[in-house]
Structures are given as C-alpha cells and as structure tokens.
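# Descriptive structure summary
Below, each chain spelled out in residue letters.
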Amino acid sequence: MEKVICLGIEATAEKLGIGILDSEGNILANRTKHQPLKGGIHPREAAQHHAENLRPLLDLALQDAGLAMGDIELIAFSRGPGMGPCLRVAAVAARTLSLKHGIPLVGVNHCIGHIEIGRLKTEAKDPLTLYVSGGNTQVIAFEGGRYRVFGETLDIAIGNCIDQFARNLDLGAPGGPVVERLARKGSYVPLPYTVKGMDLSFSGLLTAATGAARTEGNRIEDVCFSLQETAFAMITEVTERALAHTEKEEVLMAGGVAVNSRLQEMVRTMARERGAGFFVPPGDVLGDNGAMIAWTGILMHRSGITHRLEETRVEQRYRTDQVEVTWR
Ligand code: AMP
Ligand code: MG
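Reference entry: report on the structure contained in this document.

All buried positions along helix 4 (residues 158-168) are accounted for by Ile158, Gly159, Cys161, Ile162, Phe165 and Ala166. Along helix 4, the residues classed as buried sweep out an arc of 165° about the axis, all on the same side. Its buried side turned inward, helix 4 meets strand 6 (128-132), strand 7 (137-143), helix 5 (175-183), helix 6 (203-213) and helix 7 (220-246). One or two residues past the end of helix 4 sits Asp170, with phi positive at roughly 55°.

Have a look at this one:
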C-alpha cells in the first residue's frame, strides 16, 4: 500500500492539537497546547487562543517530524462534536492549508478519533469503548457498520461534573487530578446515584456533592471520595451492561478522565470478572490530541473518503453514530 503522511488538527474545546502520522500508524509528531484555564472554558476565548497558536504549533509539529508542508499528503480535522468557535478555527485552518497546498481534506468525528487511536495504540481489535472526557461520556461499540452509542450522559459529561465541582469549591482547574488526590484520604458519605436505563445523569450529583462539601462537619476528602465512587460506579454499571448486551470481549478506555486510577480499577475489575480484555492507550493519545484525528483521517481516506470544501461544515452536535464506518 502506498504510504501517506497525514496532518491532523484538533480543536473541539480548550485544547489545540496538531498531529502528524504516516499510514503505517507511526506518530511523527503530536503537539498539544492548552488554553490556560481560569474558571470554565469560554468558547470564544478558547478559539482566539487556538487561532493565535495554530501556526506556531504547526511549525513545531513539522519540525518534530522533520517535514515541510510540501510533504503532507492528507489533512484531517475535527468536524465535531465540540464548541462552535473552536471547531471553526480548525476547519478554517484545514481548508486554507488544503487549498493553498492542493492537499485532500477529510473531516473527522472527534469521538471516533478517540476509538481509532485506541485501536491503533493498544491490542484492542473490536472493543466496547468507554469514552470519558471533559465534554463527553459515551459507551460505544461497532455494530452494523457504525459506532453505536449504547449508553451516554443525559446532561453534563463526567469530566465537566468533576471540574465544576472543583471550581465551586475553589480546588483548582482542571478538577480531575485534584479530586482524585483528595479522594485517596476520604471515606463514604451518601450521594445520589442516577442511572436511567442505559444512560447516566451527573447534574444532580454535582449539585448534591457541592452541597455536601459546603455542609458544616463534612470533610472535602470524603465528598471527593464519594463523588468518584458514585460517578464511577454508575459508569461501570452501564459499561458492564453494554458489554453483556454487545458480547464484545474487550473494553477500551478513552478520554482525559480515563487516566483516573480509581476509574481504571473499577472498570478493569468488571472486565476481568466478565473475562474481557482491558485496554488503556498511552497518556499522550488518551486526552484530546491531533494524532487521533490524523490517524482516523488516514483510515477514512484509505477507504475512499475525501471531503469537498462544501462538505466540511463543522457540526457542534456531530453524533458518533452519524458516521458510516467505511474502513472496517
Ligand atoms: P479531555 O476532554 O479528554 O481532554 O480530558 C479533560 C478532562 O479530563 C477534564 O475534565 C479533566 O478534569 C479530566 N481529568 C484529567 N485528569 C483526571 C484525573 N486524574 N481524574 C479524573 N479526571 C481527570
Ligand atoms: Mg475528547
């Protein structure tokens, strides 16, 4: 097969990512730059950050790979889901580079990017994917030519829940690592557990945990512990039922929250008890990154997909199951 070098641009939220991969799956460069967080993510300010940093980050990535723009044979970018202003920065950059250098263009579903880089960088072949991040919480499996969602959040994402909790209590941003650290010294206080059918709800838990942490006599460590135990047990329950239903034999973790060792422990235990494999990709491709977009772009392009400019409109609510998977 002819070797192709792809540039991937990721900008769905506060992180800007530029990745360069070849079609054998070698990551030649994978640079990310975070917008410094104070409070929540402001979409327009994040977009401004990405616009200002895109060119320098692209130059660094090309330098890492030892390549020039003329060596790039395919451009992929995150079409969604994500914040409109951020998505448009990546889309405009991708279209501009494509036009200027005459390079074919592919728009990638961000969630599918997480799955495909996980399949590339772990031994997982046909996993049930637990995608847990700042903006998404989904349990996904390949079935009938699409990545289908078997369970998801009905309101906010798990990462958003933890980040907002930490912000409400001035614990710092992002909240995930701080809450994980505090939780190690905690014990259980009751918090609401909300699973509805195969779906999850975290907004009531966020309100209750914030209230509990502000209540006289409650230790912050205990509330952090319970927030994690409750939210992660909910996630593990839904993942387990999806595993039973789909009869998949592997569980793949994806997204920034997947670095959490307590969540990993719960899901690993569940997977082992069911005789399923358990996979976590390396840290540099777990959270949002450009390499996952570049790799998915290569897979799509190899299966015959190239998008015309008019097909590259961003989609803030781009669903995982909207994409016909032609490359599997
Ligand atoms: P992503 O959206 O995939 O880039 O991941 C960002 C999210 O991962 C944020 O919500 C972080 O709070 C969360 N995160 C990072 N480290 C941890 C951790 N150790 N435990 C839980 N969540 C984490
Ligand atoms: Mg993500």
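Further remarks concern the sheet that holds strand 5 (residues 105-109). In sheet architecture, strand pairing relies on hydrogen bonds along the backbone and comes in two forms, parallel and antiparallel. Strand order in the open sheet made by the five strands is 3-2-1-4-5, with mixed pairing throughout. Two strands lie at the open edges of the sheet, namely strand 3 (27-34) and strand 5, each paired on one side alone. Taken over all neighbouring pairs, the strand axes of this sheet differ in orientation by 20° on average, direction set aside. Examined bridge by bridge, strand 1 (residues 5-10) and strand 4 (residues 74-80) share four bridges and lie parallel to one another. Considered in strand 4, the bridge of Gly8 is made with Ala76. In the packing of helix 1 (residues 43-65) onto the sheet, contacts are made with strand 1, strand 2 (15-22) and strand 3, and the angle to strand 3 comes to roughly 155°.

Analysis parameters
Residues numbered from 1 in each chain as written. Chains lettered and ligands numbered in written order. Predicted model: local features only at pLDDT ≥ 70, side-chain atom pairs only at ≥ 80, totals over all residues. Heavy atoms only, no water. Buried < 20%, exposed > 50% of the residue type's maximum accessible area, 1.4 Å probe, protein only. Helix = DSSP H or I, 4+ residues; strand = E, 2+ residues; numbered from the N terminus. Arc of directions from axis to C-beta. Contact = heavy atoms within 4.5 Å. Pairing = 2+ DSSP bridges. Axes fitted to C-alpha atoms, helices over the stretch in contact; angles between N-to-C directions.

These figures come from the coordinates and say nothing about function on their own.
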